[in-house]
Amino acid sequence: ESELAEEFMRKGHKVTVFTTNLKSGSRLKDINYSLNKNFNIKYIRVLYNFFGWPYTINFSKDLKNFDLIMAGEDYQYTSYISYLTAKKYNIKLIVSNERYYFPKFPKSLFLKIIEFIFTRRLRKFVPFITTHAHSSKKYLKSIGFKKPIPIIYTAINLKKFKIKKSNIIQKKYYFKKKDIVVL
C-alpha cells in the first residue's frame, strides 16, 4: 500500500490512509513521504480485536467526500464500512484481497460468520476484486467469487534495495578478494 500511495502522490493526487494502529498501520507513520502535503494518515480507534479482525468505530462520515476508496481485504470490518459508504454516496470502491488460504478453527468459524454478515454483501457490490498473486486469485475462485479478479503485482521500490559496494564482510571474516560471499 505504501508504494501505491507514493505513486498516487507522484501523480499529484491527495492520499489519505485510514488504518488502525495494529500491524502495518503502525508502520505507516515512519514512511518518508508522510511529510508530503498530499499525504495524511487517520488512525481508526479499535474497539476490539477478534482473531486479527479489528472491530472499529464507524468512520464513514470521514470517507463520504472521497472520489475513490480502496479497501484492503474483503472480510475486514473497515472494508465493510468503506463498502457501506461507497454505496450510500456513490463512490467508486476498489477491493484488494491478499488472503490465499482457508484458516484453521477457530478463525475459520469466525470468518464464516463474518462472511455471512458482511463480506458477501461487499462482494456482490464490487465489479471486481484485485489480488497481488495467483494464489489469492485461486482462493477467491475456490470460494465461488465469479467476477473478474485482476492481479496487480506488488509494486517494489528498487531504490530501497540498491547494492552498496562494501568489503566489511571480507575484512571481518578474513575472506580473500577472490572469495565469493553470498548472504
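Before going into details, it helps to say that this report is about the structure given with it.

Cut-offs and rules
As a convention, each chain's residues are numbered from 1 in the sequence order in which they are written. At least 70 in pLDDT is required for a residue's local features to be given in this predicted model, at least 80 for side-chain atom pairs to be given and counted, and no such filter applies to totals for whole chains, interfaces and linings, which use all residues. Side-chain calculation: all heavy atoms of the structure are included, whereas hydrogens and water are not. Cavities and pockets were defined on a 1 Å grid built from protein atoms only: a cavity is a group of points that admits a 1.4 Å probe but offers it no way out, a pocket is an open group of points flanked by protein on both sides within 12 Å along at least five of seven lines, and a lining residue is one with an atom within 4 Å of any such point. Grid points are joined across faces, edges and corners, and a volume is the space filled by probe spheres set on the points. Secondary structure elements are taken from DSSP: a helix is a run of H or I of four residues or more, a strand is a run of E of two residues or more, and numbering for both begins at the N terminus. Three residue categories are used. Nonpolar comprises Ala, Val, Leu, Ile, Met, Phe, Trp, Tyr, Cys and Pro, charged comprises Asp, Glu, Lys and Arg, and polar comprises the others, including Gly. Every case where a carboxyl oxygen of Asp or Glu lies within 4 Å of a side-chain nitrogen of Lys or Arg is listed as a salt bridge. Throughout this description, buried means an accessible area under 20% of the type-specific maximum (1.4 Å probe, protein chains only), exposed means over 50%, and partly exposed covers the range between. Working definition: rings of Phe, Tyr and Trp (its six-membered ring) pair if their centres are within 6.5 Å, and the pair is stacked with planes under 30 degrees apart, edge-to-face with planes over 60 apart, and tilted otherwise. The rule is short: NZ of Lys or CZ of Arg within 6 Å of the ring centre and within 35 degrees of the ring normal puts a charge over the ring.

Considering the layout of surface pockets
If you add up the space inside the second largest pocket, you get close to 190 Å³. Taken together, Y75, R99, F102, P103, S108, L111, K112, E115, T119, R123, Y139 and I143 make up the lining of the second largest pocket. Top contributing element to the lining of the second largest pocket by residue count: helix α5 (residues 107–125), with six residues. Looking at side-chain class alone, the lining of the second largest pocket contains six nonpolar, two polar and four charged residues.

A short note on the pattern of salt bridges
Under the criterion given, the structure shown has two salt bridges. Between R123 and D74 there is a salt bridge; the shortest N-O distance is 2.7 Å. Taken together, the residues R123 in helix α5 and D74 in the loop between β5 (68–72) and α4 (77–89) connect sequence positions 49 residues apart. Here E115 ties to R123 by a salt bridge, and the two come within 2.7 Å at their closest N and O atoms. Residue classification places E115 among the partly exposed positions, given a relative accessible area of 27%. One salt-bridge network, in which partners are shared between bridges, spans D74, E115 and R123.

Considering the packing of aromatic side chains
Two numbers describe a pair of aromatic rings. These are the distance of the centres and the angle of the planes. In this structure the tally under the stated criterion is 17 aromatic pairs. Here Y100 and Y101 contribute two aromatic rings whose centre-to-centre distance is 5.3 Å and whose plane-to-plane angle is 65 degrees, an arrangement assigned as edge-to-face. Members of the aromatic cluster, each reached through a chain of ring pairs, are Y48, F50, W53, Y55, Y77, Y80, Y83, F110, F118 and F125. Positioned above the aromatic ring of F116 is the side chain of R120, whose terminal nitrogen or guanidinium carbon lies 4.5 Å from the ring centre.

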